[in-house]
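Chain by chain, the residues:
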Amino acid sequence: MHPRLHAVLAEPRVSPAPSRVWRDWAMIAVLAPAIVLEGILRPDLPWRVGCVVVALALLPTLLWRRAHPLHMVAIAFGFTTVGPFVLPGDACQMFTASFLVLLVSALFRWGSGRDAVIGSFFVVAKVAAAGLVGSIDGGELVAGFAVMFAAATLGTAIRFRAAARLRELDQVKLLERERLARDLHDTVAHHVSAMAIRAQAGIATSASQPGSAVEALRAIEAEASRALAEMRAMVRVLRRDQPADLGPSPQVADIERLAGHFRTGPAVDVDLRGDLGDIPPTVGSALYRLAQESVTNARRHARHATRIEVSVAADDTSVRLRVCDDGEAGATRPTGSPGFGLVGMMERADLLGGTCEAGPNPGRGWTVTAVLPREGVGT
């Protein structure tokens, strides 16, 4: 088998395919009366009643075109291929029957490679059969193939664009996991280093307590040294062979460094409230990263903004971060899927058991809100 054909046949289905949405029902609600109306207003249609009945019977295939694209193409195009040979009319001569093109697009958007190949035979057979029975002339035959090819191309383009978007999102999430792993390394490495130092001190003062105490302290030192080496090796792999940085991670108190009046762009005000002293380093570092990313996005995208407010408030169970600006809410802001920066923020908050949301304010500006459990991962 040719490698390219094998690659096409091996292409899996897009999963999970979305279920029926309100737009599908709205489309049917519009098409159904349109089909009936066309049957009434077009006396040139052969066997008008039969064409209308067939078109209406095929209309529900739109509801299952994503979940079962091959089956819907086989039903619709199989029936319309055989129909003209046994019935006096062809339902596809109706203008409103053009909804069948959506089935072709859905086949290439959601179906597997094998589904697309098999379904293409049904589509080609339908167009060829229409030419054989004289329903369309030579020019219309070429146009029919062109329309079906365009629908297939559109479905394929949307499919691979969506796949590329998912790969980009996965890459952003992976990057955020790497960043969180580095922060975890900095925290854990600090504690493990302290264990090693204490063990060494215990050994130095064990002269008055010989025996098992010395052996236990030596075991602690060895285990701590091995754990630290393994942690560094793990982070080195996560960083794609970059050396581990043992510098301290930024914490909640460092958020105040984001404040200030800059030469360009809005001023940044920071307000820290509540008991923030005993927040775990991992949570503190995450709060700083979220605040830093939010402020950067606001300074970059908040058009005509004059002020960015950053507030951190802690209670007994959680820490809440809020970053808002007074820029134009709709200006240069993403209105569809969240941007990669926001995806990374959401991923970091989720990894720590919290949430992160962003959106326009009711009047003016944009707000990012993150809530993290006070004790961090594992609570």
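Note that the structure is a prediction, hence the values are computed from the model and not measured. (Residues numbered from 1 in each chain as written. Predicted model: local features only at pLDDT ≥ 70, side-chain atom pairs only at ≥ 80, totals over all residues. Heavy atoms only, no water.)

1. A closer look at a nonpolar patch on the surface
Turning to step 1, where the next piece is worked out: A contiguous nonpolar surface patch, about 450 Å² in accessible area, is contributed by Val36, Leu37, Ile40, Leu41 and Leu56.
Turning to step 2, where the next piece is worked out: For the nonpolar patch, the leading source of residues is helix α2 (residues 22-41), giving 4 residues.
Turning to step 3, where the next piece is worked out: Residue placement: Ile40 occurs in helix α2. (Patch = residues over 30% accessible without salt bridge, like charges linked within 9 Å, V, L, I, M, F, W, Y side chains within 5 Å. Areas by Shrake-Rupley, 256 points an atom, 1.4 Å probe, with all protein chains shown as cover. Salt bridge = Lys/Arg side-chain N within 4 Å of Asp/Glu carboxyl O. Helix = DSSP H or I, 4+ residues; strand = E, 2+ residues; numbered from the N terminus.)

2. Structural notes on the layout of surface pockets
Here the idea is plain: a probe the size of a water molecule rolls over the atoms and shows the empty space left.
Turning to step 1, where the next piece is worked out: As a volume, the largest pocket reaches approximately 520 Å³.
Turning to step 2, where the next piece is worked out: Elements with a contribution of two residues or more to the lining of the largest pocket: α5 (100-110), α6 (113-132) and α7 (138-204).
Turning to step 3, where the next piece is worked out: Across the lining of the largest pocket, the residue classes break down as 13 nonpolar, 4 polar and 3 charged. (1 Å grid on protein atoms, 1.4 Å probe; cavity = no way out; pocket = protein on both sides within 12 Å on 5 of 7 lines; lining within 4 Å. Points joined across faces, edges and corners; volume = space filled by probe spheres on them. Nonpolar A, V, L, I, M, F, W, Y, C, P; charged D, E, K, R; others polar.)

3. So, the UniProt feature "transmembrane region" (unreviewed entry) in the protein
Turning to step 1, where the next piece is worked out: As recorded in UniProt, the sites labelled "transmembrane region" (unreviewed entry) are residues 21-41, 47-63, 70-87, 93-110, 117-136 and 142-160.
Turning to step 2, where the next piece is worked out: As a span, residues 47-63 carries 65% helix and 0% strand, and end to end its C-alpha atoms are 27 Å apart. (UniProt positions renumbered as here; feature names shortened; annotations may be inferred.)

4. Quick word on the packing of helix α4 (residues 69-86) against α5
Turning to step 1, where the next piece is worked out: At a minimum axis distance of 9 Å, the contact between α4 and α5 shows a crossing angle of 150°. When you trace α4 past α5, the crossing you get is left-handed. The segment α4 lies against α5, with Pro69, Leu70, Met72, Val73, Ala76, Phe77 and Thr80 engaging Leu100, Leu103, Val104, Ala106, Leu107 and Trp110.
Turning to step 2, where the next piece is worked out: Its residues placed into classes, the contact of α4 with α5 shows 12 nonpolar, 1 polar and no charged. (Axes fitted to C-alpha atoms, helices over the stretch in contact; angles between N-to-C directions. Left-handed = near helix turned anticlockwise from the far one by under 90°. Contact = heavy atoms within 4.5 Å.)

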